[in-house]
Amino acid sequence: MDTTATTPKTTTGNMPLQLIDLSLEYPDGEGTIKALDSVDLAVGAGQVLSLIGPSGSGKSSLLAAAATLIRPTSGLVIIDGTTASDLNDSQMTTLRREKVGIIFQQPNLLASLTAVEQLMISDHLRGKPLKPAKVRALELLDIVGLADSAKKRPHQLSGGQRQRVNIARALMGEPKVLLVDEPTAALDHTRSESIVRLLVQVTKEFSVATVMVTHDTEFVSLTDSVASMRDGILALPELVGA
Ligand SMILES: Nc1ncnc2c1ncn2[C@@H]1O[C@H](COP(=O)(O)OP(=O)(O)OP(=O)(O)O)[C@@H](O)[C@H]1O
């Protein structure tokens, strides 16, 4: 196996996200806590995997490791064919910026910016020119159902609409992997369902591999598969079908 940083590992099949024998330990007094215990997972392009499990079971740790925000103790994180675990910090940041979209529970939008500007600024931070960024931002706002709200600021949008801006923003960098943490936690039933449906829609439309952590098992049936965690161990994903 080639594990050098300069020669990305090539995966077989179209599996933009692969976790192989991934373990993550946190120091805990004299000992350690095993937040992830030999996790294996592959998510295909255009697939949404729901990740469920009790509090403290390791869901956020899995997302953080897959997002390359945290280095695993052992094992491999492979994103679109590149073995992230082999990269240095700056290469890892570049990989994350180019290949990974992260959607947190709270949209964290900037209060002073309009919806279209929220999206454009993420391209600007990638050093991309403004004009094409605006075109793409408007297209994405249209796709997430906010064509008429491009000029609205966060306080003029509902919680569901803010989450839609958040999703559109995560797609600006044309990611291969979308990592979504409790996207419906702050929303009512109807809005929650429409947000999960939207995530499934954009996952198919942009052929990304999506992992969605959720407590809302009700909407899991809208996604392609579900895997559950307990004590850092991931049970094999089951197909649920839509
Ligand atoms: N920074 C940290 N330092 C030490 N221990 C941590 C840290 N982050 C998480 N843990 C521990 O790792 C285990 C997994 O936590 P994690 O947050 O990944 O679970 P979770 O399933 O996301 O929980 P929740 O649903 O409550 O967010 C827990 O035992 C937790 O206490």
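Predicted model only: the values in this text are computed from it and were never measured. (Residues numbered from 1 in each chain as written. Predicted model: local features only at pLDDT ≥ 70, side-chain atom pairs only at ≥ 80, totals over all residues.)

## Observations concerning the overall build of the chain
For the chain, the count of helices and strands is 6 helices and 11 strands. Compactness check: the chain gives a C-alpha radius of gyration of 18 Å against a globular reference of 18 Å for 242 residues, within 12% of the reference. In terms of overall dimensions, the chain has C-alpha extents of about 50 × 40 × 40 Å along its principal axes. Taking all contacts inside the chain whose residues are at least 6 apart in sequence as the whole, residues at least 24 apart take part in 69%. (Helix = DSSP H or I, 4+ residues; strand = E, 2+ residues; numbered from the N terminus. Rg over C-alpha atoms; globule rule 2.2 N^0.38 Å. Contact = placed C-beta atoms within 7 Å.)

## Description of the confidence of the model for the chain
Looking at the chain, the pLDDT average stands at 90 and 94% of residues meet or exceed 70. Every residue in residues 1-12 scores below 50 in pLDDT, and together they form 20 contacts with partners more than four places removed in sequence or on other chains. (pLDDT = per-residue confidence, 0-100.)

## Things to note about the site of the ligand
Near the ligand, the surroundings consist of Tyr26, Ile33, Ala35, Gly53, Ser55, Gly56, Ser57, Gly58, Lys59, Ser60 and Ser61. If you list the elements that add at least two residues to the shell around the ligand, you get strand S2 (31-43) and helix H1 (59-66). When residues of the shell around the ligand are assigned to their parent elements, the largest contribution, 3 residues, is made by H1. Here the residues of the shell around the ligand sort into 3 nonpolar, 7 polar and 1 charged. (Near = placed C-beta within 6 Å. Nonpolar A, V, L, I, M, F, W, Y, C, P; charged D, E, K, R; others polar.)

## A look at unusual backbone geometry
Most peptide bonds take the trans configuration, and most residues that are not glycine carry a negative phi. Look at Asp21: it is not a glycine, yet its phi comes out positive at around 50°. Counting through the fold element by element, Asp21 comes out in strand S1 (residues 17-28). Judged by local crowding, Asp21 falls into the partly exposed class, with 13 C-beta atoms found within 10 Å. Despite not being glycine, Ser207 shows a phi value in the positive range, around 50°. Topologically, Ser207 is positioned in the loop between helix H6 (189-205) and strand S8 (209-213). (Buried ≥ 20, exposed ≤ 12 C-beta atoms within 10 Å, placed from the backbone.)

## Describing the pairing of S1
Both S1 and S2 contribute to a ladder of 9 bridges, which runs antiparallel. Across the sheet, Leu17 pairs through a bridge with Val43, a residue of S2. Taking the residues between adjacent antiparallel strands as the criterion, S1 and S2 are bridged by 2 residues, where Gly29 takes a positive phi near 60°. Relative to strand S4 (residues 74-79), S1 runs antiparallel, the two being bridged by 5 bridges. The residue of S4 that forms the bridge with Ser23 is Ser74. (Pairing = 2+ DSSP bridges.)

## A closer look at the packing of helix H3 (residues 115-125) against helix H4 (residues 130-143)
The N-to-C vectors of H3 and H4 enclose an angle of 130°; their axes lie 9 Å apart at closest approach. In terms of orientation, H3 lies oblique with respect to H4. Here H3 runs over H4; the crossing is right-handed. Each of Ala115, Val116, Leu119, Met120, Asp123 and His124 in H3 lies in contact with H4, whose residues at this interface are Leu130, Ala133, Lys134, Ala137, Leu138, Leu140 and Leu141. Here the residues of the contact of H3 with H4 sort into 10 nonpolar, 1 polar and 2 charged. (Axes fitted to C-alpha atoms, helices over the stretch in contact; angles between N-to-C directions. Parallel < 35°, antiparallel > 145°, perpendicular 65-115°, else oblique. Left-handed = near helix turned anticlockwise from the far one by under 90°.)

## Description of the sheet that holds S4
Pairing within the open sheet is antiparallel, and its 4 strands lie in the order S2-S1-S4-S5. Whereas interior strands pair on both sides, the edge strands pair on one side only; in this sheet they are S2 and strand S5 (82-83).

## Focus on the pairing of S4
In terms of strand pairing, S4 meets S5 through 2 bridges, oriented antiparallel. Pairing of Ile78 across the sheet is with Thr83, part of S5. The turn linking S4 back onto S5 is made up of 2 residues, and Asp80 within it adopts a positive phi angle of 50°.

## Comments concerning the nonpolar core
One finds Ala66, Leu199 and Val211 to be the most contacted residues of the largest nonpolar core, which totals 61 residues. In this structure Leu199 touches Val48, Ile167, Val180, Pro183, Thr210 and Met212, once residues within four positions along its chain are discounted. (Core = buried A, V, L, I, M, F, W, Y, C linked by C-beta atoms within 7 Å.)

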